[in-house]
Amino acid sequence: MNTQIAARSATTAAIVVCTPLDFGHLAMTIHRLRPLGEAQAQVSNCTTTGLRTQLAPPATRHYPHLHMNQDLWTSVDRFLTDTLIHPDQALDEAMRANRDAGLPAIDVAPNQGKLLHLVARIHKAKRILEVGTLGGYSTIWLARALPPDGKLVTLELNPTHAQVAAANINRAGLSSLVDIRVGPALESLASLHEEHAFPFDLIFLDADKPNNPVYLEWAIKLSRPGTVIIGDNVIRDGAILDPNSTDPVVSGTRTFVERLGTHPRLDATALQTVGSRGYDGFAIAIVNE
Ligand SMILES: C[S@@+](CC[C@H](N)C(=O)[O-])C[C@H]1O[C@@H](n2cnc3c(N)ncnc32)[C@H](O)[C@@H]1O
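Note that the coordinates shown come from a computational prediction; the quantities given were computed from them, not determined experimentally. (Residues numbered from 1 in each chain as written. Predicted model: local features only at pLDDT ≥ 70, side-chain atom pairs only at ≥ 80, totals over all residues.)

**Quick look at the overall build of the protein chain**
Let me state the cut-off plainly: What counts as a helix is a DSSP run of H or I of at least four residues, what counts as a strand is a run of E of at least two, and both are numbered from the N terminus. Three exposure classes are used, all based on how many other C-beta atoms lie within 10 Å of a residue's own C-beta (placed from the backbone): buried at 20 or more, exposed at 12 or fewer, and partly exposed between those limits. Here, residue contact means that the backbone-derived C-beta atoms of the two residues sit within 7 Å.
The secondary structure content of the protein chain amounts to nine helices and ten strands. Within the span of the protein chain, comprising 289 residues, buried residues form 40% of the whole. Excluding contacts between residues fewer than 6 apart, the proportion of contacts in the protein chain whose partners are at least 24 apart in sequence is 68%.

**Focus on helix α9 (residues 248-262)**
Note the cut-off: A helix's residues, less one, multiplied by 1.5 Å, set its expected span.
Look at α9: 20 Å from first C-alpha to last across 15 residues, which is about the 21 Å you get at 1.5 Å a residue. Among the residues of α9, those classed as buried are Val250, Gly252, Thr253, Arg254, Phe256, Val257 and Leu260.

**Overview of the site of the ligand**
Worth spelling out the cut-off: We count a residue as near a molecule or strand when its backbone-placed C-beta atom lies within 6 Å of that partner. Polar here means any residue outside two lists: the nonpolar Ala, Val, Leu, Ile, Met, Phe, Trp, Tyr, Cys and Pro, and the charged Asp, Glu, Lys and Arg; Gly therefore counts as polar.
As a structural note, the neighbourhood of the ligand is formed by 18 residues, with Asp107, Gly132, Tyr137, Ser138 and Ala185 the closest of them. Of the residues assigned to the shell around the ligand, the class counts are nine nonpolar, five polar and four charged.

**Looking at helix α4 (residues 110-122)**
Each α-helix winds once per 3.6 residues, and so residues spaced three or four apart point in a common direction. Taking 1.5 Å as the rise per residue, α4 with 13 residues should run 18 Å; its terminal C-alpha atoms sit 18 Å apart, in good agreement. For α4, the set of buried residues is Pro110, Gln112, Gly113, Lys114, Leu116 and Ala120. Positive phi appears at Lys124, one or two residues downstream of α4, with a value of about 50 degrees.

**Describing the nonpolar core**
Test applied: Think of a nonpolar core as buried Ala, Val, Leu, Ile, Met, Phe, Trp, Tyr and Cys residues, each tied to the set through C-beta atoms within 7 Å.
Ile128, Leu142, Ile203 and Leu205 are the most contacted members of the largest nonpolar core, which has 58 residues in total. Aside from chain neighbours lying at most four places away, what touches Leu142 is Leu116, His117, Ala120, Ile128, Glu130, Leu152 and Phe204.

**As for unusual backbone geometry**
Pro199 follows Phe198 through a cis peptide bond whose omega is 10 degrees. In this fold, Pro199 is placed in the loop between α7 (185-194) and β7 (202-205). One non-glycine residue, His196, lies in positive phi territory at about 55 degrees. With a phi close to 60 degrees, Asp237 is a non-glycine residue in the positive phi region.

**Things to note about the pairing of strand β10 (residues 278-287)**
So the rule is basically this: When DSSP finds at least two bridges between two strands, those strands are taken to pair.
Counting buried positions along β10 yields seven of ten residues, so the element is predominantly enclosed. Sheet topology note: the strand β9 (residues 266-275)/β10 ladder contains ten bridges and is antiparallel. Bridge pairing in β10 links Leu266 to Val287. Once β9 ends, the chain turns through two residues before running back antiparallel as β10.

As structure tokens, then:
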């Protein structure tokens, strides 16, 4: 069955036809229409709302030629999110509160947040550690996977971020499960160790990437055999390929991935991802005996 797409702008209009499954064609078509101005796309006989995000600006950082694919990735992410992730007042309000407070928009995407949530549930995690809270968006996804007697400890350097996160987590009804610790993560991790507040079943590393190799060491210290460790943003538009990078974010990420591969207590892999957050990826590891 063909799907008719009508795209309009203030100055012109166009009608194109494509099959419902041909999202690549569909994205290309809208991409071509973009120079027409603030084109609005409507789809008849098709439920996708992904077209709306065709109009979002691309965000690739290191390789400008990736620009041409960003619109497509964003559209597909939007389709996946609209289809698989249901409207959620607490998460939507958290995003709004983050924006209003001027927090950087560097939270995980909705489909990534749900992936974290599903991994935590599949793993039946009861104790979760997160390094890098921001406004608590990923915290909410993860905390929702916990049983009523579970606990999530999340570490945040910036007091303003932590304050916004606390309000978001409270609105989501999760305050009793979440402990936000404010300060440099390296200090908080040492405190958790001193307090014997471990082991954690799942650890999500998503703070300052230059410190990821050290966070990994702490994560292993705070783990048990079977603990899952996830690290975000390990591809960075492919910049991790550069062994001579002088960017501490890139070299820290590269060292992190290398240590995941060589540490005797870890089995790990990493996946490249594309989506609304550009070209990046995550690593996942399990702690052995
Ligand atoms: C990518 S954001 C976290 C996003 C969050 N996990 C989410 O998806 O909603 C990284 C956060 O780590 C925090 N951060 C940076 N350096 C830190 C440090 N040394 N210790 C603790 N937190 C740090 C930043 O302030 C920022 O809020």
